[in-house]
Amino acid sequence: IIMLSNNKNNFHIGCGYTVGKNWLNYDSSPVAAIERIPILKMIIKLNSTKFPKGVRYGNIVKKLLCEENTANNIYCSHVLEHVPLNDGKKMLKNIYRMLKTGGILRIIVPSLEGRVEKYIQNKDAHSFIESLGCFKSNENENFVKKLRFLFGGSRHKWMFDKNSLYDELRDAGFNNNKIRECEFGDSGLDIFSEVENKDRFVESNGELKAVAFHCIK
């Protein structure tokens, strides 16, 4: 378990390039790890944009990112779908263990149901398969692009609808009456404004509403 020497007890998990000033910002992308090593950073360049300096490398599936029962808030946007289901279960249980009593998790994932409904309406099979984020329509890409898709964390490895994510949150430990659907900016806490983006709650130029929950331990 990582011991933290500062007073920030807000954890942004899977932060990508979004860094909250009053958050500990973690990403498990191999690129984030490579960029921490000067020699490898010079040799291997998978992304044109570098991770901000405030990003820490950490894998919530493998271990807690703080002592148990100490996190005030955790924000996790479009991360859970990038790991296999069993790893996702471990991730949610570790998040629950990290939170102190009364601590808040806000979690967002792409909506499988929304994609299915869109397919039923337009019958565009190619767009539906591509929208899942699990497959590539073009396999004839250069080696670096293939590596980025396979190992850079961009590929979706599981998908959720509202009911399946709700069930996983309950299995992780959250009580039924402490889980609610949420929307952008409705946390009631200013600190979430540092990390929340409206386009993560509503995808594809407003066409698809993501699955989002606000959970209290």
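Above this note sits the structure.
From a predicted model like this one, the values you see are computed outputs, not experimental measurements.

Reading guide: rules and limits
Residues numbered from 1 in each chain as written. Predicted model: local features only at pLDDT ≥ 70, side-chain atom pairs only at ≥ 80, totals over all residues. Heavy atoms only, no water. Buried < 20%, exposed > 50% of the residue type's maximum accessible area, 1.4 Å probe, protein only. Helix = DSSP H or I, 4+ residues; strand = E, 2+ residues; numbered from the N terminus. Pairing = 2+ DSSP bridges. Right-handed = clockwise from strand over helix to strand, strands pointing away. Phe/Tyr/Trp six-rings, centres within 6.5 Å; stacked < 30°, edge-to-face > 60°. Lys NZ or Arg CZ within 6 Å of the ring centre and 35° of its normal. Axes fitted to C-alpha atoms, helices over the stretch in contact; angles between N-to-C directions. Contact = heavy atoms within 4.5 Å. Core = buried A, V, L, I, M, F, W, Y, C linked by side-chain atoms within 4.5 Å.

Enquirer: Sorry if this is basic, but what is going on with the pairing of strand β4 (residues 71-77) here?
Expert: The two faces of a sheet get side chains in turn, since along a regular strand they alternate between them. Where burial is concerned, most of β4 is hidden: 6 out of the 7 residues are buried. Relative to β4, strand β1 (residues 10-13) runs parallel, the two being bridged by 4 bridges. Opposite His-12, over in β4, you have Tyr-75 as the bridge partner. Judged from the 6 bridges that link them, β4 and strand β5 (residues 99-109) form a sheet pairing that is parallel. If you follow Cys-76 over to β5, its bridge partner there is Ile-107. Remark: the β4/helix α3 (residues 85-98)/β5 crossover connection has right-handed handedness.

Enquirer: Honestly, unusual backbone geometry in this entry has me stumped. Any pointers?
Expert: Unlike most non-glycine residues, His-78 shows phi in positive territory, near 55 degrees. Note on His-78: relative accessible area 10%, which makes it buried. The backbone of Lys-123 sits at a positive phi, close to 55 degrees, despite the residue not being glycine. Topologically, Lys-123 is positioned in the loop between α4 (112-122) and α5 (125-131).

Enquirer: When you look at the packing of aromatic side chains in this model, what are you seeing that I'm missing?
Expert: A ring pair, where both rings are aromatic, is described by two values, the distance of the centres and the angle of the planes. Applying the stated criterion across every chain, the model contains 7 aromatic pairs. When the ring of Tyr-166 is compared with that of Phe-213, the centres are 6.0 Å apart and the planes differ by 50 degrees; the resulting orientation is tilted. Within this pair, whereas Tyr-166 is found in helix α7 (residues 162-172), its partner Phe-213 is found in strand β9 (residues 211-216), the two being separated by 47 residues in sequence. In this structure Phe-213 comes out as buried when scored by relative accessible area, which is 3%. Grouped by ring-pair contacts, the aromatic residues Trp-23, Tyr-75 and Phe-192 constitute a single cluster. In this structure, Arg-106 is placed above the aromatic ring of Phe-192, and the distance from its NZ or CZ to the ring centre is 5.6 Å. Of note, Lys-217 hangs over the ring of Tyr-96, and the distance from its end group to the ring centre comes to 4.6 Å.

Enquirer: Looking at this model, I keep getting lost on the sheet that holds strand β3 (residues 55-57). Mind explaining?
Expert: Hydrogen bonds along the backbone pair up the strands of a sheet, which may run parallel or antiparallel. Within the open sheet, the 7 strands sit side by side as β3-β2-β1-β4-β5-β9-β6. Their pairing is mixed. The two strands at the open ends of the sheet, each matched to only one other strand, are β3 and β6 (179-181). Here the average twist between neighbouring strands, direction ignored, is 20 degrees. Two strands pair when backbone bridges link them, and β1 and strand β2 (residues 24-27) are joined in this way by 3 bridges, in the parallel orientation. Opposite Phe-11, over in β2, you have Leu-24 as the bridge partner. On the sheet, α3 packs against β1, β4 and β5 and is oriented at approximately 145 degrees with respect to β5. Relative to β9, α7 is tilted by about 25 degrees, and along the sheet it contacts β5, β6 and β9.

Enquirer: Explain the side chain of Asn-94 to me, please; I cannot follow it from the model alone.
Expert: Here Asn-94 is to be found in helix α3. Those residues within four positions of Asn-94 in sequence are excluded, and the remaining contacts are Ile-60, Val-61, Lys-62, Lys-63 and Leu-64.

Enquirer: Where do I start with the nonpolar core in this structure?
Expert: As a rule of thumb, nonpolar side chains are buried together in soluble globular proteins. Judged by nonpolar contacts, the single largest core of 32 residues is most densely connected at Phe-11, Ile-74, Met-98, Leu-105 and Leu-169. Contributions of two or more residues to this core are made by β1, β2, β4, α3, β5, α7 and β9. If we skip the residues at most four places from it in the chain, Leu-105 touches Ile-74, Cys-76, Ile-95, Leu-99, Leu-169, Phe-174, Phe-213, His-214 and Cys-215. Counting 11 residues, the second largest nonpolar core, distinct from the first, contains Trp-23, Tyr-75, Ile-191 and Phe-201.

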